[in-house]
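Fold and contact review
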Amino acid sequence: MLQSSLAIYRYELKKSFSLGTTFLWICVIVFPTILQLLINIIGSSLPDEFTGVLMVGMIPGAVCLMTILSSMAPYLNTELEGNTWPYVAVRPHGRTALMLGKYFVSVTRSIIAGVLAIAIVMPTLNLNESSSHVPLAIAKPVVNAQPLAKSELQDVTPNGDVNDLPTDLSQDTALPLWLALSMMVVLSSFCYSTLFCLLGTIMHKKPMILAIIYTLLIEGVISMLPAVVNAFTINFYLRSIFLRAMNWNLTDLPDALSFINDPNMFSQATTIWDLISLTVLSGIFLMTAHSLLLNREYHVGETL
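Cut-off values and rules
Residues numbered from 1 in each chain as written. Predicted model: local features only at pLDDT ≥ 70, side-chain atom pairs only at ≥ 80, totals over all residues. Heavy atoms only, no water. Phe/Tyr/Trp six-rings, centres within 6.5 Å; stacked < 30°, edge-to-face > 60°. Buried < 20%, exposed > 50% of the residue type's maximum accessible area, 1.4 Å probe, protein only. Lys NZ or Arg CZ within 6 Å of the ring centre and 35° of its normal. Helix = DSSP H or I, 4+ residues; strand = E, 2+ residues; numbered from the N terminus. Contact = heavy atoms within 4.5 Å. Core = buried A, V, L, I, M, F, W, Y, C linked by side-chain atoms within 4.5 Å. Axes fitted to C-alpha atoms, helices over the stretch in contact; angles between N-to-C directions. Parallel < 35°, antiparallel > 145°, perpendicular 65-115°, else oblique. Left-handed = near helix turned anticlockwise from the far one by under 90°. Nonpolar A, V, L, I, M, F, W, Y, C, P; charged D, E, K, R; others polar. pLDDT = per-residue confidence, 0-100.

Here the structure, examined in full by the defined rule, presents five aromatic pairs. For the ring pair Phe 17 and Trp 25, a centre distance of 5.4 Å and an interplane angle of 80 degrees mean the geometry is edge-to-face. Given the relative accessible area of 36%, Phe 17 is considered partly exposed. It is Arg 109 that lies over the ring of Phe 17; its NZ or CZ is 5.2 Å from the centre. Here the guanidinium or amino end of Arg 239 rests over the ring plane of Phe 266, the centre of that ring lying 5.8 Å away.

Another point: the side chain of Gln 36. Within the secondary structure, Gln 36 is located in helix 2 (residues 19-42). Residue class for Gln 36 comes out buried when judged on its relative accessible area of 5%. Not counting residues within four places of it along the chain, the set of residues in contact with Gln 36 comprises Leu 54, Met 55, Val 121, Thr 124 and Leu 125.

If you look at the biggest cluster of nonpolar residues, it comprises 58 residues, and the most contacted ones within it are Ile 59, Trp 85, Phe 196, Ile 234 and Phe 242. When residues in this core are grouped by element, the largest group, 13 residues, is from helix 8 (residues 177-202). Leaving out residues up to four positions away in the same chain, Ile 59 has contacts with Pro 32, Cys 64, Gly 114, Ala 117, Ile 118, Val 121, Leu 181 and Val 185.

Structurally, Met 72 is set in the loop between helix 3 (51-71) and helix 4 (75-81). Of the residues examined, Met 72 reaches a relative accessible area of 0% and is grouped as buried. Distance from Met 72 to Ser 193, taken between C-alpha atoms, is 6.4 Å for residues 121 residues apart in sequence. The contacts of Met 72, once residues within four sequence positions are left out, are Met 99, Lys 102, Tyr 103, Ser 106, Ser 193, Phe 196 and Cys 197.

Turning our attention to the packing of helix 1 (residues 2-15) against helix 6 (residues 94-121). Helix-helix packing: each pair is described by the crossing angle between the helix axes and the interaxial distance. Contact geometry of helix 1 with helix 6 gives a least axis separation of 8 Å together with a crossing angle of 45 degrees. If you check the angle between helix 1 and helix 6, you find them oblique. Classified by chirality, the crossing of helix 6 by helix 1 is right-handed. Seen from helix 1, the contacting residues are Ser 4, Ser 5, Ile 8, Tyr 9, Glu 12 and Leu 13; seen from helix 6, they are Ala 97, Leu 98, Leu 100, Gly 101, Lys 102, Phe 104, Val 105, Thr 108 and Arg 109. In terms of residue class, the contact of helix 1 with helix 6 is built from eight nonpolar, four polar and three charged.

Okay, the environment of Glu 12 next. As for its position among the elements, Glu 12 is in helix 1. Classification of Glu 12 by relative accessible area gives buried; the value is 13%. Along the primary structure Glu 12 and Gly 101 are separated by 89 residues, whereas in three dimensions their C-alpha atoms are 7.8 Å apart. Setting aside chain neighbours within four positions, we find Glu 12 in contact with Glu 79, Lys 102 and Val 105.

The N-to-C vectors of helix 6 and helix 8 enclose an angle of 155 degrees; their axes lie 9 Å apart at closest approach. Taken together, helix 6 and helix 8 sit at an angle that is classed as roughly antiparallel. Between helix 6 and helix 8 the crossing geometry is right-handed. The residues of helix 8 that touch helix 6, namely those facing Met 99, Tyr 103, Ser 106, Val 107, Ser 110, Ile 111, Gly 114, Val 115 and Ile 118, are Trp 178, Leu 181, Ser 182, Val 185, Val 186, Ser 189, Phe 190, Ser 193, Thr 194 and Cys 197. Of the residues contributing to the contact of helix 6 with helix 8, the split by class is 12 nonpolar, seven polar and no charged.

Moving on, we come to the confidence of the model for the chain. On average, residues of the chain score 80 in pLDDT, and 76% of them reach the 70 mark or higher. Within the chain, the element-level pLDDT minimum falls on helix 7 (residues 150-156), averaging 48, and the maximum on helix 6, averaging 95. In this model, residues 160-171 is a region of pLDDT below 50 whose contacts with residues beyond four sequence positions or in other chains number 11 contacts.

Below you can see the structure in the form of structure tokens.
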């Protein structure tokens, strides 16, 4: 089965780089850069700290999703419309090999697209001068420091200088923006590929329609609701992991974004538990899709 999956992976990956598909793929990759260049030229009233928010919405949230949508959602529909499904279904472990092979093609293309988009857009970003990698935090934590007497400062620092006071290392160091985005690209590629694999298996006749509706309704709207139901979405865990990776403080936002201050908008667990939750969700999606693919009967005429 492994050799069959690798053979399908190599064939489908080579096939996916046809002229027309590659042109559209490149257009999706360069879209965040074009948008950022327009923002730089026209100017924007948004503060620089929202650069990371825009990039995480455009690259993992748009470039990767569009790539996965076009490659993973119609994986079964393509075989049915191309009249190749009977040849796949009669081979030993043919259905499993088909699903795994196309799954890893989707992951590979999504990661490549995300990494290229990050590499192209990074030189166009107007980042914080103090760090060429990380924009300013969304809100700086307020420190209520009491004035210390000279004698007290000498007990803490040799020179009695306030600048020599030890730094509080209780907060985790923020990752560079490019590294945090790369991490989101990898996670979203693996997780959303399992989701679209399931959606493409459930509704193989019109997989693109179901995938778009599900993404907009569940991953877009439901995941933003401050309720327990958002814990069943991938977006909920991805944005929580990204928030911790960037070490952002959301305690002093504008009124238009005050709803984000709700603690239910983000996972209150650790990053390790969020990764475990993503693994469990992805495993459920993939196993459900595999079970349906093995036990359902598909006919070529159903797609017409």
